Each structure stands twice: as C-alpha cells, then as structure tokens.
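Geometric and topological summary
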Amino acid sequence: MQSTLTEGFQSTDDAGRRREAFLFRVLDTDAPLSPSGRFALADVEVVRLGRGGARAVRREQENSTRVLSIEVADRWMSGQHARLSRVMRRWVLEDAGSKNGVRLNGNQVSRAELADGDVFELGRTFFVFRAEQPALHATERDVESDRLAAGPPGLVTLQPALAESLAQLMRVARSSVTVALAGESGTGKEVLARAIHALSGRAGPFVAVNCGALPDELVESELFGHRKGAFSGAAEDRPGLVRSAHGGTLFLDEVGDLPLAAQPALLRVLQEKQVVPVGATSPVPVDLRVVSATHRDLVALCRRGAFRDDLRARLSGFQLALPRLVERREDLGLLVALLLQRVAGPRAPSAQLTLPAARALFSWSWPLNVRELEKALEAAAVLAGSRPIDLEHLPEAMRGGPAPSEKPSPPKPVAAAAEDEALKARLEAMLTTHGGNVSAVARAMGKARMQIQRWMARFGLDPKDFKRP
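Right, let's walk through the structure included here. (Residues numbered from 1 in each chain as written. Predicted model: local features only at pLDDT ≥ 70, side-chain atom pairs only at ≥ 80, totals over all residues. Heavy atoms only, no water.)

1. Overview of the nonpolar core
Core analysis: the biggest nonpolar cluster contains 38 residues, and L332, L361, F362, W366, L373 and L394 have the highest contact counts within it. Mapped onto this core, the elements with two or more residues apiece are β3 (18-28), β14 (125-134), α8 (332-344), α9 (355-363) and α10 (369-384). Top contributing element to this core by residue count: α8, with seven residues. Counting 29 residues, the second-largest nonpolar core is a separate cluster that includes V207, V242, A262 and L298. (Core = buried A, V, L, I, M, F, W, Y, C linked by side-chain atoms within 4.5 Å. Buried < 20%, exposed > 50% of the residue type's maximum accessible area, 1.4 Å probe, protein only. Helix = DSSP H or I, 4+ residues; strand = E, 2+ residues; numbered from the N terminus.)

2. Regarding the packing of helix α1 (residues 160-173) against helix α2 (residues 189-200)
Axes are the key here: two packed helices are described by the angle between their axes and the distance separating the axes. Where α1 meets α2, the axes come as close as 8 Å, and the angle between the chain directions of the two elements is 45°. Taken together, the axes of α1 and α2 are oblique relative to one another. Of the residues in α2, those touching α1 at L166, L169, M170 and A173 are L192, I196, L199 and S200. Of the residues in the contact of α1 with α2, the class split is seven nonpolar, one polar and no charged. (Axes fitted to C-alpha atoms, helices over the stretch in contact; angles between N-to-C directions. Parallel < 35°, antiparallel > 145°, perpendicular 65-115°, else oblique. Contact = heavy atoms within 4.5 Å. Nonpolar A, V, L, I, M, F, W, Y, C, P; charged D, E, K, R; others polar.)

3. A word on the environment of R289
Along the polypeptide, R289 turns up in strand β21 (residues 289-294). For the pair formed by R289 and V177, sequence separation is 112 residues and the distance between their alpha carbons is 7.5 Å. At a separation of 3.0 Å, a polar atom in the side chain of R289 contacts the main-chain carbonyl oxygen of S175. (Polar contact = N/O pair within 3.5 Å; in protein donor to acceptor, adjacent residues only side chain to side chain.)

4. What about the sheet that holds strand β7 (residues 65-72)?
An order of β6-β7-β5-β8-β9-β12 is seen for the six strands of this open sheet, with the pairing classed as mixed. Only two strands of the sheet have a single neighbouring strand rather than two, namely β6 (56-62) and β12 (111-113). Each strand axis lies, on average, 20° off the axis of its neighbour in the sheet, ignoring direction. Two strands pair when backbone bridges link them, and strand β8 (residues 82-87) and strand β9 (residues 90-95) are joined in this way by six bridges, in the antiparallel orientation. Bridge assignment links R83 to a residue of β9, and that residue is E94. (Pairing = 2+ DSSP bridges.)

Okay, structure coming up:
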C-alpha cells in the first residue's frame, strides 16, 4: 500500500515518512506583488475562507472540531466565502453563501471534491490544493512567502518537496562538493548555479560555459587554454575558460553535449585539480568548484558510450532535479511577483491582472518554463502600460488555454518526445541520487509512489540498476 492514514489526517509512505495536504494562497490579481501563503491541513477538519481587513490565520478548537480560519484582504470576497471540509480521506470545497461564488479550475461550483493540483478562485484570489506533500516542522506549516529565509534568487519556494531539496542544496553550497542539476530548459538551472556560487564564499569569478555551443574543433583550447603556436592561429597564450574560473565556480551548462574527446581532460580537472593547456607539456594547478547542468539523460548517454561514466560520477556529488513550472503552480504567485518587479520596474507596485489573464497563467502548460513566464510578463507589462494586464496582452497561444470544463493540467505538448526525454532524465537522476529507493524518489519529486512506478515502467527503468554497491 502506498500510504496509510494516521492521526491528524496525515499519511505515511512505505518508508514511514509523514505526508500531508496543504492549501496555498497563491495570487491576488489586484495586488500580485503581495505575498503568497502556505497552510498545512493535517491537524484540522475544517478550513474557513473569507474576507478580512488584513491577511490573518487562526487555528482554533470549536467543540471537537479543529478549524483553520484564513482571512484575505480581498474586497471581492465575502466575509464567509467558502469552506473546506475533511470527508474521510478527501477534502471538499463548498460555497458558504458568497456573493461572487466559487470557481474550481475555471468552473462555477457550489460543492466539489478536491484533487491534487486543483486551482480555485474566491473573489480575485487564487488558491492551489495539494493532496500529499512532505510533512513540515510545526513552525514552517503556516508561512507567508515574504517571511521565508532571504537568499539568492532561485532558492525560494513554498512547495514542501522542492523546499527540502533546496535546503539540502544550501548546505552543500558551502562545501566543495560538485553539484549536478537536471531539468528542462528554462527551469532555472543557471539561476541555481549562481546561487550556489554566491553561497559558497569563493572569492573567484562565476564562469558559465555552454558546452553545446563550443565548436568541436576548438572545444579543448576554449576550455583548457593553449600555448602560443600550439596550432594555426594560436598567436598568444590563452588561459581557457577552466582557468578563468580559478578560485571561483565553473558552471558547465548542457554538459551532456560535451564532445567525448574533451571529456578525459575535464575528468583530469576534477580528479587532479589541474589542467594541461593545448600545446603545453606540464599541468597547471587550478582551484575551482564545478556545477554542471543538463536536460539530457546522462545515464543513457553512458550506456551508449557517448559520455564517460567516470566523468558522470565525478560530476554527480550532489544531484537535484528541478521540476517544470507546470508542476509548481503553488509558486506561480511568488514567481509572478519576482518577475514583475524585474520587468516592470517602478510600475511594478501598481501592477494588476484581470481574472481572465490570471486564469490563463494558471491553465497554461508553460512548455518553456520560468523563462517563458518572464518573457510573457515582460511583453504584457509593456502592452498594458498603466492598465491591468489583460488576456489580450498575453501571447496569442495562451489566450485559448483549456476549455472551462477541463482541469487546468498541462495539455499534451507538441514536443512530447522532448518532454519525455527530460522527464526520463529527471527520473534517472533522482533514482541515482537515492540509490534506487522508489519511496525516496517519490518524496523528492512530490509524487505518489505509484506514479513513480508507472514512469519507471513507461521508460523501462529498473530500480535495481541504481542500487549503490
């Protein structure tokens, strides 16, 4: 059995790890820069949602019923707008007699059972429900995003599963351990790499290298440098990108695209902390921290002989797979606030969104992830000017979205094969990190164990292949 019910409406997975339901207050369209909130539901039977003079959260005992009251400063909400009730192992959303009604996944409802990832609207505030996430310490269960620990961009999330991984990453960042980031394009791998460098305390520079953009015939000289006269056109000594990162951090983006011929030299850098420039006869010491990233399946590349297994092992001191944006809708408001401040500048504090525009943001599948969200908001802010961002200001493809009767889960992407490849890469990276422990992978990815097993069957993966010796 995947999970069992315990006291307080928590569940435990096969490894005995507690999991619980969460409610997220994600976005206020009239004040998109206002904080998001996370609320644990394990210790309550009823959640009351309504308008208040300011944001407020109370946990109370009414007779034998444990109640969570959440008040929102949304003038479009009623004083008693909606309630969530625990019915057996399910949560049910009900309209509490509001003036403006309740919308669940874009549809007007009076009562409906909630499923994981559901989005509902009260007034002009959007909420996301998550059925099972890792249980948190009591002090972290009710939190506003503006009270999360400040740090470099990319390290803030309300999603419990991702928060756990990022907390581990922050501890690792202060060491010299190599870090391998997996995830689709636009999920923020370079942002995290820069955060690792900022937290490392290393005095040297952050040097980013796109391994896929290096010409095959020049890759070794570009990475490792060359001596004057080493080849035609080598008119002077060049240190190369690796030595340019001396004392700092070398970020190898799309490392899966690194030509096989250049991989032994990179392995030497990681093993011996030294580099041999093209045309040189003796190695040069180098002190650097290496962070790598890829959307490709390195395990599969190693099996095909296109990537060295010993190099993959050296790069993979700590591994983290970044989820797609569509898998972290509870962070959408947090990201919208951050990106609006970046792209709208001084106009950001007065920015607003219309309800149709916000619904489009929640229903879109974001195939290009956070990078696509940033570009969409950048253009929309310019087109809207001093007016609220409306549906017409968003990219044309986003204006249709799923039909109102559909749940706002991602539509099947055009590039399904590419997404499958990225998902398989994430899954294999997580299986490698956790030594084939399926329950641990499910917790880290915020998914049910059964879903991980389905993916393994789909991609022909056997957890035994990832067991540590």
